[in-house]
Amino acid sequence: MHRAEALRILASWVMTLQLMPPEDPDYADAARRKIEAAAEALRCGASAETVQRMGQFSPLEIRRVRQLALAPTDSWDALNQRRYNG
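Just so you know, these numbers come straight off a predicted model, no measurement behind them.

Basis of the calculations
- Residues numbered from 1 in each chain as written.
- Predicted model: local features only at pLDDT ≥ 70, side-chain atom pairs only at ≥ 80, totals over all residues.
- Heavy atoms only, no water.
- Salt bridge = Lys/Arg side-chain N within 4 Å of Asp/Glu carboxyl O.
- Helix = DSSP H or I, 4+ residues; strand = E, 2+ residues; numbered from the N terminus.
- Buried < 20%, exposed > 50% of the residue type's maximum accessible area, 1.4 Å probe, protein only.

A. Structural detail: the pattern of salt bridges. Counted under the stated rule, the structure contains four salt bridges. A salt bridge links Asp29 to Arg33; the shortest N-O distance between them is 3.0 Å. Here Asp29 pairs with Arg33, and both are found in helix H2 (residues 27-43), just four residues apart, close to one helical turn. In this structure Asp29 comes out as partly exposed when scored by relative accessible area, which is 30%. Note that Glu36 and Arg32 form a salt bridge whose closest N and O atoms lie 2.7 Å from each other. In this pair, Glu36 and Arg32 are both assigned in helix H2, four residues apart and thus about one turn of the helix distant. Look at Glu36 and you get buried, because its relative accessible area is 15%. Three or more residues joined by partner-sharing salt bridges are found here, namely Asp29, Arg32, Arg33 and Glu36.

Here it is as structure tokens:
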């Protein structure tokens, strides 16, 4: 994936979350996908500052983004499973 495409996907998830009420049953999944999109953008060469600014991440979220960006992609599912499902 190219950097521009990765940033477009991140922007899409950011907008989705802005339009979605936190009570929505799909909100947690959308938040997870936003973090995954940010990690992919970092992997594609986007700067950390750009990703932070676009994603409006909390300190905890940006830590997760960086962990995912450094992890091999096949371990993303396992890492997300632990973080989001206990």
